[in-house]
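Listed below are the residues making up each chain.
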Amino acid sequence: MKKVKIAIVGLGTIGSGVLNLILKEKELIKQKQSVDIEIKYAIDKDESKLANITTPEIIKTKDYKLAINDKEVDIIIELAGGTNFAFTLIKEALENEKNVVTANKALLAEKGLELFKLAENQNK
């Protein structure tokens, strides 16, 4: 069974929803897809959002670079929104050979071509 470690960056409405959905459906995903997903990091600049996470195995931090530099992390899920920070995050993640998931339409409209080229060069 494949083990995948992820980091979720941005714990607003969407980010916390994704985090809770993954935790809730972890066993079903494992059973149906043969993938064991582990949320290793939950990252947000707002400490009150981090305080809402009660799962002790998840590392709660304001420092996204911990996840980007962690060799165990396979996927960075960007749910922070905006374009400047999101671009920096995704660019650094790709440069560190991480797979990236984002639903950030504004970022993709502004910088998508640049990010897709970088991802292609990194085979991500």
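All values derive from a computational prediction rather than experimental measurement. (Residues numbered from 1 in each chain as written. Predicted model: local features only at pLDDT ≥ 70, side-chain atom pairs only at ≥ 80, totals over all residues. Heavy atoms only, no water.)

Visitor: Is there a simple way to think about the packing of aromatic side chains in this case?
Guide: The relative placement of two aromatic rings is captured by the distance of their centres and the angle of their planes. Applying the stated criterion across every chain, the model contains one aromatic pair. Taking 5.2 Å as the distance between ring centres and 85 degrees as the angle between the ring planes, the aromatic pair formed by tyrosine 64 and phenylalanine 85 counts as edge-to-face. In this pair, tyrosine 64 is assigned in helix α3 (residues 64-68) and phenylalanine 85 in helix α4 (residues 84-95), connecting sequence segments 21 residues apart. Assessed through its relative accessible area of 12%, tyrosine 64 is described here as buried. Looking at phenylalanine 85, the relative accessible area reads 35%, which means it is partly exposed. Lying across the ring of phenylalanine 87, lysine 111 places its NZ or CZ 4.9 Å from the centre. (Phe/Tyr/Trp six-rings, centres within 6.5 Å; stacked < 30°, edge-to-face > 60°. Helix = DSSP H or I, 4+ residues; strand = E, 2+ residues; numbered from the N terminus. Buried < 20%, exposed > 50% of the residue type's maximum accessible area, 1.4 Å probe, protein only. Lys NZ or Arg CZ within 6 Å of the ring centre and 35° of its normal.)

Visitor: I tried to follow the pairing of strand β1 (residues 2-9) on my own but got confused; where do I start?
Guide: Residues in a regular strand project their side chains so that they alternate between the two faces of the sheet. Summarising burial for β1: six of the eight residues are buried, a large majority. The sheet contact formed by β1 and strand β2 (residues 35-43) spans eight bridges and is parallel. Bridge assignment links lysine 3 to a residue of β2, and that residue is aspartate 36. As for the winding sense of the linkage, the β-α-β connection from β1 through helix α1 (residues 13-33) to β2 is right-handed. Where β1 lies against strand β4 (residues 75-78), four bridges are found, and the strand directions are parallel. When the sheet's bridge partners are listed, alanine 7 is paired in β4 with isoleucine 76. (Pairing = 2+ DSSP bridges. Right-handed = clockwise from strand over helix to strand, strands pointing away.)

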